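# Descriptive analysis of the structure
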Amino acid sequence: MPTTGSVERSRGPVSLARFCAYFLWLGTTGFGGPIALVGYMQRELVERRRWVTSEDYLEGLALAQLAPGPMAAQLAIYLGYLRAGILGASLTGLAFVGPSFLMVFVIASAYVRYGGLPWMQPAFYGIGAAVIAIIARSAWKLARMVLRTDRVLWAVFATLAIATAVTGRESVFLFVLAALITYLVKVMPRLSTHRVSAFLPWLGSGIVLPHKAWNLLFFFAKAGAFVFGSGLAIVPFLYGGVVEQYHWLTERQFMDAVAVAMITPGPVVITSGFIGYLVAGPWGALAAAVGVFVPVYLVVIFVSPVFARMAKNPQARAPLEGLTAAATGAIAGAVYVLGRHAVRDWSTFTIAVVSLAILFRWKVPEPVLIGGAGLAGVLLYR
């Protein structure tokens with residue numbers, strides 16, 4: 001249970017029902033990815049409605065950035081936990097994730113029923129290219145936010161980006177090694193940076209190291225445990241498992257699944273429900289969605305009571321920062337991995353470049369950008 005002080009800081013005049021109703025609304029209408037979603041929560045819950053204190057919000061945001069799990073969902077569950085303990089975490093999480101899960105469930109059902117929605121392929125032709133631009137922009141924004149000017153974290157980021165681009169998948173070994181290296185550099189000053197850098201070749205060596213509902217449940221639970229900072233971090237992990245290792249989906253189906261996650265509100269990792277449906281029908285969708293959020297939920301339940309103390313402990317933060325840098329690098333590497341398949345001619349290259357330029361120049365909502373890319377795809381499709 002949360003500490004008394006935390007509960008008192010968060011508990012305002014609003015009822016748990018109204019608190020959950022807000023997250024139901026956010027899960028239904030909240031477009032723009034994890035950065036936008038946590039921004040919506042800050043403006044509405046902290047500044048406008050004053051249901052959450054700034055202190056609680058910042059603690060939750062720190063947990064969401066450092067602990068495994070998609071950032072927006074992690075923050076929502078944490079705030080629900082402070083509001084009403086395990087019950088609050090459970091209801092808030094369901095309210096936030098439920099709407100987007102239902103949307104991808106319906107889309108996946110139509111996708112399977114009508115043979116991949118062939119009439120939608122011209123639109124997905126353009127949308128896939130725009131998705132690559134969105135992932136690239138998100139990787140850059142996330143890197144600037146979590147890595148700042150820390151050279152060690154940037155080195156981890158670059159290594160994981162290259163490793164993911166070369167191998168086409170994420171390596172758990174590299175994630176663990178990234179946490180270890182960051183811990184040694186930041187927490188053990190007796191070891192100079194020069195000496196610890198001897199570990200980096202080992203980090204690079206990871207590049208060359210050699211009933212379906214249950215399978216989906218365990219696979220997506222493992223995937224959820226290695227999503228740090230942004231739900232997009234799950235994309236290269238899923239690609240390596242779903243497409244290359246288990247061959248559950250084709251590359252085209254996987255890109256369609258990512259695109260569907262982009263055009264629906266809520267957390268990006270809800271693509272798990274779409275993938276699960278394509279692999280094993282309704283039970284597969286449920287198993288995949290439950291699996292990917294299990295680590296998020298458990299982290300909040302078990303870590304929240306002591307997180308305030310952990311966040312101030314540099315020994316505890318160092319390996320988590322390394323994991324976040326590694327995940328951000330994996331997202332950057334995924335731009336190349338997925339881009340090879342989504343950007344396959346001059347038309348899709350043009351859509352991707354124009355989409356990226358728009359994202360950097362103007363604050364265009366991602367659903368609007370994707371809608372325009374889909375229209376461009378229809379016009380340019382051959």
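Residues numbered from 1 in each chain as written. Predicted model: local features only at pLDDT ≥ 70, side-chain atom pairs only at ≥ 80, totals over all residues. Heavy atoms only, no water.

## Let's talk about the overall build of the chain
The helix and strand inventory of the chain stands at 17 helices and zero strands. Counting all 382 residues of the chain, 55% fall into the buried class. Entry remark: accessible area of the chain is about 16500 Å², with carbon and sulfur atoms responsible for 67%. (Helix = DSSP H or I, 4+ residues; strand = E, 2+ residues; numbered from the N terminus. Buried < 20%, exposed > 50% of the residue type's maximum accessible area, 1.4 Å probe, protein only. Areas by Shrake-Rupley, 256 points an atom, 1.4 Å probe, with all protein chains shown as cover.)

## Examining unusual backbone geometry
Although it is not a glycine, Arg 50 sits at a positive phi angle of roughly 60°. Locating Arg 50 in the fold gives a position in the loop between α3 (33-48) and α4 (54-66). When its relative accessible area of 64% is taken as the criterion, Arg 50 is described as exposed.

## Focus: the environment of Phe 105
As for its placement among the helices and strands, Phe 105 is situated in helix α5 (residues 71-113). Setting aside its immediate chain neighbours within four residues, Phe 105 contacts Tyr 277, Pro 282 and Ala 285. (Contact = heavy atoms within 4.5 Å.)

## As for the confidence of the model for the chain
On average, residues of the chain carry a pLDDT of 80, and 85% of them reach 70 or more. No element of the chain has a lower mean pLDDT than helix α1 (residues 4-10), at 45, and none a higher one than helix α2 (residues 16-29), at 94. Note on residues 1-11: pLDDT under 50 across the span, and 20 contacts to partners over four residues away in sequence or across chains. Residue range residues 205-210 is modelled with pLDDT below 50. Its contacts to residues more than four positions away, or to other chains, number eight contacts. (pLDDT = per-residue confidence, 0-100.)

## Some remarks on the packing of α2 against α5
Contact pair α2 / α5: the axes reach a minimum separation of 8 Å and the direction vectors enclose 30°. Where α2 crosses over α5, the handedness of that crossing is right-handed. (Axes fitted to C-alpha atoms, helices over the stretch in contact; angles between N-to-C directions. Left-handed = near helix turned anticlockwise from the far one by under 90°.)

## Some points on the packing of aromatic side chains
Each aromatic ring pair is summarised here by two numbers: the centre-to-centre distance and the angle between the ring planes. This structure, assessed with the given rule, holds 18 aromatic pairs. Their ring planes at 40° and their centres at 5.9 Å tell us that Phe 219 and Phe 237 sit as a pair that is tilted. Within this pair, whereas Phe 219 is found in helix α11 (residues 213-224), its partner Phe 237 is found in helix α12 (residues 234-245), the two being separated by 18 residues in sequence. A relative accessible area of 4% means that Phe 219 is categorised as buried. Members of the aromatic cluster, joined through ring pairs, are Phe 19, Tyr 22, Phe 23, Trp 25, Trp 51 and Phe 96. Between Arg 137 and the ring centre of Phe 360, over which it is positioned, the NZ or CZ distance is 4.4 Å. (Phe/Tyr/Trp six-rings, centres within 6.5 Å; stacked < 30°, edge-to-face > 60°. Lys NZ or Arg CZ within 6 Å of the ring centre and 35° of its normal.)

## Notes on the nonpolar core
Counting residues in each nonpolar core, the largest one holds 111 residues, and the members touching the most others are Phe 23, Met 41, Phe 96 and Phe 254. Here this core takes 18 residues from α5, the largest share from any one element. In this structure, Phe 23 is in contact with Met 41, Leu 45, Ala 76, Leu 79, Thr 92, Ala 95 and Phe 96, ignoring residues within four places of it in sequence. Counting residues in each nonpolar core, the second largest holds five residues, with Ala 130, Ile 351, Ala 352 and Ala 373 among its members. (Core = buried A, V, L, I, M, F, W, Y, C linked by side-chain atoms within 4.5 Å.)

## A closer look at helix α13 (residues 251-263)
With 13 residues, α13 should cover 18 Å at 1.5 Å per step; its first-to-last C-alpha distance of 19 Å lies within 8% of that length. Those residues of α13 lying buried are Phe 254, Met 255, Asp 256, Ala 257, Val 258, Ala 259, Val 260, Ala 261 and Met 262. (Expected span 1.5 Å × (residues − 1).)

## Focus on the side chain of Arg 137
Mapped onto the fold, Arg 137 is located in helix α6 (residues 121-147). By relative accessible area, which is 18% here, Arg 137 ends up buried. Setting aside chain neighbours within four positions, we find Arg 137 in contact with Leu 356, Leu 359 and Phe 360.

## Section: α5
Helix length check: α5 (43 residues) gives 33 Å between terminal C-alpha atoms against 63 Å at 1.5 Å per residue, more than 12% under. Within α5, the axis deviates most sharply at Ala 84, by approximately 145°. At the C-terminal side of α5, Gly 115 shows a positive phi close to 65°. (Bend = angle between axes of the 7 residues up to and from the residue.)

## What to know about the packing of α6 against helix α17 (residues 366-380)
Contact geometry of α6 with α17 gives a least axis separation of 6 Å together with a crossing angle of 140°. With respect to α17, the element α6 is oriented oblique. As α6 runs across α17, the sense of the crossing is right-handed. Together, Pro 122, Ala 123, Tyr 125, Gly 126, Ile 127, Ala 130, Ile 134 and Ser 138 of α6 and Glu 366, Leu 369, Ile 370, Ala 373, Gly 374, Gly 377, Val 378 and Leu 380 of α17 make up the contact between the two elements. (Parallel < 35°, antiparallel > 145°, perpendicular 65-115°, else oblique.)

## Section: the side chain of Glu 59
Note that Glu 59 resides in helix α4. Within the local environment of Glu 59, its side chain forms a polar contact with the side chain of Tyr 78, the two groups lying 3.3 Å apart. (Polar contact = N/O pair within 3.5 Å; in protein donor to acceptor, adjacent residues only side chain to side chain.)

## Focus on a nonpolar patch on the surface
A contiguous nonpolar surface patch, about 630 Å² in accessible area, is contributed by Trp 283, Leu 286, Val 290, Val 294, Leu 298 and Phe 302. Within the fold, Leu 298 resides in helix α14 (residues 271-311). (Patch = residues over 30% accessible without salt bridge, like charges linked within 9 Å, V, L, I, M, F, W, Y side chains within 5 Å. Salt bridge = Lys/Arg side-chain N within 4 Å of Asp/Glu carboxyl O.)

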